[in-house]
Each structure stands twice: as C-alpha cells, then as structure tokens.
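# A structural walkthrough
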Amino acid sequence: MTALLSIQGLELAYGKIAAVKGIDLEVGEGQVVCLIGANGSGKTTTLRGISGLLKPRGGRVVFAGTDITGMAPHRIARLGLVQVPEGRQIFATMTVAENLRMGGYLVEDGERQRRLDEVLELFPRLAERKTQTAGLLSGGEQQMLAMGRAMIAGPRIVLLDEPSMGLSPIMVEQIFAIIELLKRQGKTILLVEQNAQLALDIADHAYVLETGRIRLSGPAAEVAGDAAVLHAYLGG
Amino acid sequence: MLAQQLFNALVLGSVHALFALGFTLTFGVLRVINLLYGFYVAAGAFAALVAVQSLGLGLWAAGAFGVVVAGLVAVVCDFLVLTPLRRAKAPELSSLIVTLGGVLLMNSLMQIVFGAEVRRFPARLLGQDAVTIGPLVVAPIQLVIIATVFVLVALLFWFMERTRLGTAIRAVAERPDTAALMGVNVGLVVAGVSFLSAALSATAGILIGLNFNAVHPYMGEPMMLRGFAIIIIGGLGDIRGALVAGLALGFLEVMTAGYVSSNLKEAVAFTALILGLWLRPNGLFGRASGKRA
Ligand SMILES: Nc1ncnc2c1ncn2[C@@H]1O[C@H](COP(=O)(O)OP(=O)(O)OP(=O)(O)O)[C@@H](O)[C@H]1O
Ligand SMILES: [Mg+2]
C-alpha cells in the first residue's frame, strides 16, 4: 500500500537560513502520525512546506498520487489537504458561522450546510456563539473553531499544528478528545505537537524532529518507550 | 435654500462615499496605499468621454465602457507595480512613493494625450434641463447619480456580506495565507479587487464629470485628499465607515461653501481629518486599525 502523504528529502529555507534539511515522512490512509520536536526544530515549517505556503528548496511531496511539490496552496487545498495553522489563525472580524463557511469555501451549498450542522453539533460551544465575532472567542474556542473550519472542508488529510498551544489543561483534554474522535472515524491526521506525551499517546506512528532533521521515527509506542530520547530531543 | 443645499450635499456626498468605498477596499485587501487610485477617476471619465464622442455610445454604455477600461488598467498597474511590493512585504511608505510616481506619470500621459483643458460631455447626454420640484431645482442627471450610487452601494454590501466570493475577499484582507489554505486563489482575488475598486473610482469620476460637466486629467487629485480623509475617519478598510464618512464630508463641504465661504471648501476635508483622528483615532466604528495592518 502506498502512503496517502509521502515526503522525500524535503528541504525548506527562509532566505539563506535552512530550517528543514531533507526529511522523509509518510502518512498512511486512516493513520494518525505525529511530528514532535523542541521549539524551532522546524515542525511548522514542515507543515507549511506540505500545504504549499512555503515553496520547497528541494525534495518531493506526493499527496494521493499527485506530486504537489511547489504547487500553489489553493490547488493543494482542492485535493483535500487541509491545514489547521499554528495559532488558530481564525478570521477575527468575521462571525463564527462565517469562519466555518469559509472553511467550506470549495464545498457546494447543500453539503456545506450539512457539514456545518454536524460541526455545530460536535462543538456546542460554537453553536451557542454562532453569530458572535470570532475574535472575541477564548483560546480554546478559537481552536475548536479552527478545527471545525477544517472539518467542513471534508479533508482527506488534516495537518494540525500544535492544537494544545496556550490552552488550559482542561481545554487541552477537550481538544484531544476531539482528535481521538476523528481518529475513531478513520480520519487521516498529521499532528504536530510540543506536548510529546499527549501526541505519542494518540498517534500510530511518530517522527522526532531536531533542528530540521528527523532524529528518530517508528511506531508511537516504541518512540514513547525511549524516555531518554524524549529527554534528549524534546528537552522534556 | 437649506433644502437645496441638502439635496446638493446628498449628490456630492454619495459620490464621495462611492469613491472612498473603493479606496478603502483596495487598502484593506491589497495592504498598500495606492495613490494610483485617484488616477482611475480621470481614466474612467476620459474613457467614457471617448466612448461618447468617438464610438457614439449612449450614457449607460459609455459609463460601463469607462468603468471596465479603468478596471482593466488597474489590474495591469497593480500587477506590475503593487504585486512585487506586496511579495517583498515592502513597508507602506514604499508603496506610497512608488504609486505617487505612478500617478504623476499617468496624469502627465493623460495630459499629453487629451490636453490640459476641461472637456465636456455633449448636452444630449445629460438629458433635460433642471426641473423645479417644490423648493428644489433638480437636474435629471443628479437623480441618475443618486440612484446609481444607491444601487451600487447596496450591491457592494450584498456582495461583500452575502456571497462566497465577497466573504473570500474579506478573508484575504484579514489573513491571505489562511484564505489560501481554504482553497481561495489569492492572486485572483487581488486582481478582482484591483478591478472592483478601480471600477468604483471610475464610476465616481464619471458621475463627477457628469455632475459638473467637466472632465480633465487632474480631476482625481482633489478626490484623493477627500479619499484619505474619509477612509481614515471611517477606519482603514472599513466599508461602513467609508460610506458614513463620505456622506458626512459631502454635507460638510456643501454647507461650508453655502453658508461660510466656498474658498474654505477644500479646507473642510483637512479639518475633518484632524478632528476625526483626534476624537476617534480608530475610525468611526472603532476597529483598531493597527491590528489589521
Ligand atoms: N518567517 C520566518 N523567517 C525566518 N526564519 C523563520 C521563520 N519562521 C521560522 N523560522 C525559523 O525556522 C526554524 C524552524 O521554525 P519553526 O517555526 O518551523 O519551528 P517549530 O518547530 O514549529 O517551533 P515551535 O514549536 O516553537 O512552533 C527556526 O529556527 C525559526 O527561527
Ligand atoms: Mg511551530
């Protein structure tokens, strides 16, 4: 079986500064794969390289049999690859419902409405705040909104960038319960986290990134078992 | 007398508002101070004039022609001049200087091609003479102006608030990268906004040209001063604010000219700008402009 998302020798840079220095990574259909690493190790850069926001310096990204290396982000989105960016990046001046509808920008009206209802059912807190300006939501609510917005697109794969960032422990628990639910529904997820423990608990497979290189990869349980590794590479 | 002044103010204010709507739209989405925007006033008016004189088109067809020509010129100018600046994330001052050069160049070109003297639309275009309605003397063209602005503003609001594309434009204005992740073709939206905003500028130019029956290469310059005052008072990128501030400025100008001195008319925009910045630094509807930059 070939992987849904497959990355070979991906290199990404900001000007002259190399941030990702040739990494290989695979995500199979229905898998949850996590990419963990310390601050500045290149996790966000990798996701931006996959979704097309950053043009790769080298290497290849293949998604669902299509070579998407260097493709414009809106075209990659059309193939069903959806990213929930770091820091949520919700549209603060729009209402909650408008944000969700933007997530379904490529989805036709009837289907979009159906998915919107589904998401509002999954996130009752968003349903209560449907007509509220999204900028006024709490951090946790904004994360729910960012995830709901991605789900309305009906993605084949979701790239989640640090969903737990800056949230209270209770909120983190709720967000991970949602990820767990998506996993049970068979959704394919590439999860970036600094909270390695949480990520490894939920993932099937794990990659550990250190200053732009993969230092370790394998089944999540094995990677988790190596506590020394976690200490060395995650500073945890 | 007062009723007549109020009516004239409504005509002028609605054109100002239309002009400012496009200006605020281009600023909100393209994130650059685009002084070329003022050029499209004259570009639209001249294109319409040429359509009338050389192509023999009627009022509406000539107007549409002028609007489309100005819109297309804007798409090309923005692509050549502004897109590189946006890509390089250049500071706002560079866009100001580059587009200042652009507008000076374009205005001189217009003057070379069309001459500096004031041109006029043929009288047949403007319809019948003014009629007296109660206390008002109303030229039919004034009614056309008010109706045109009213319809265009309503359409613009509907488009921006209710349609998928309008929402996408707002999304691009706020977070272009995130909008791209949702499948929005940002380059195309930017080109569309260039067209749309220049079309509004050109429409304002044509309406002003008709109202005073005067078209000349520099007619956009006094509009730009007003445009700045209106979008700063209304809040940068804020469409509702531009509408209210544009109408208000029209009223202030007409009232100043009518009851104080017409020499002070030009000073009104400046004074309003300073007072506005003083009293409501974040715009009429109080959205912090800093956060949007
Ligand atoms: N826009 C940028 N311009 C220049 N350098 C950048 C930019 N964004 C990130 N970098 C650099 O690239 C490297 C990788 O950053 P990246 O944001 O991918 O790390 P990360 O693993 O996501 O970190 P965090 O856990 O803090 O989110 C860092 O050294 C960072 O300083
Ligand atoms: Mg990051």
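Scoring rules and cut-offs
- Residues numbered from 1 in each chain as written.
- Chains lettered and ligands numbered in written order.
- Predicted model: local features only at pLDDT ≥ 70, side-chain atom pairs only at ≥ 80, totals over all residues.
- Helix = DSSP H or I, 4+ residues; strand = E, 2+ residues; numbered from the N terminus.
- Rg over C-alpha atoms; globule rule 2.2 N^0.38 Å.
- Buried ≥ 20, exposed ≤ 12 C-beta atoms within 10 Å, placed from the backbone.
- Near = placed C-beta within 6 Å.
- Nonpolar A, V, L, I, M, F, W, Y, C, P; charged D, E, K, R; others polar.
- pLDDT = per-residue confidence, 0-100.
- Pairing = 2+ DSSP bridges.
- Axes fitted to C-alpha atoms, helices over the stretch in contact; angles between N-to-C directions.
- Parallel < 35°, antiparallel > 145°, perpendicular 65-115°, else oblique.
- Left-handed = near helix turned anticlockwise from the far one by under 90°.
- Contact = placed C-beta atoms within 7 Å.

### Quick look at the overall build of chain B
When you go through chain B residue by residue, the secondary structure sums to twelve helices and two strands. Relative to the globule expectation of 19 Å for 293 residues, the C-alpha radius of gyration of chain B, 19 Å, shows essentially globular dimensions. C-alpha atoms of chain B, sized along the principal axes, occupy 55 × 45 × 35 Å. Taken over 293 residues, chain B has a buried fraction of 46%.

### Quick notes on the site of ligand 1
Residues and elements named next belong to chain A. Taken together, 13 residues lie around ligand 1, and Tyr14, Ala19, Lys43, Thr44 and Thr45 are the ones closest in. Secondary structure elements with two or more residues in the shell around ligand 1: strand S2 (17–27) and helix H1 (43–51). Examining the composition of the shell around ligand 1, we find that three residues originate from one element, H1, more than from any other. When the residues that make up the shell around ligand 1 are grouped by side-chain class, the tally is three nonpolar, eight polar and two charged.

### Some thoughts on the confidence of the model for chain A
For chain A, mean pLDDT is 94; residues scoring 70 or higher make up 95% of the total. At the low end of the mean pLDDT range in chain A sits helix H10 (residues 227–234) of chain A, at 60; at the high end sits helix H2 (residues 73–78) of chain A, at 98.

### Topic: the sheet that holds strand S7 (residues 157–161) of chain A
All names here are of chain A. One open sheet holds the six strands; their spatial order is S6-S7-S8-S3-S9-S10, and the pairing between them is mixed. Edge strands, defined here as strands with exactly one partner in the open sheet, are strand S6 (81–84) and strand S10 (213–219). Adjacent strand axes in the sheet meet at a mean angle of 15 degrees when their direction is disregarded. Bridge count for S6 against S7 is four bridges, and the pairing is parallel. Among the inter-strand pairings, Val82 is bridged to a residue of S7, identified as Val158.

### As for the packing of helix H3 (residues 59–87) of chain B against helix H4 (residues 92–114) of chain B
Residue and element names in this part refer to chain B. Running from N to C, H3 and H4 point in directions that differ by 160 degrees, and their axes come no closer than 10 Å. Comparing the axis directions of H3 and H4 gives the class roughly antiparallel. As for how H3 packs across H4, the hand of that crossing is right-handed. Counted together, Cys77, Val81, Leu82 and Leu85 of H3 and Ser94, Ser95, Val98, Thr99 and Gly102 of H4 form the full contact between these two elements. Looking at the contact of H3 with H4 residue by residue, the class counts come to five nonpolar, four polar and no charged.

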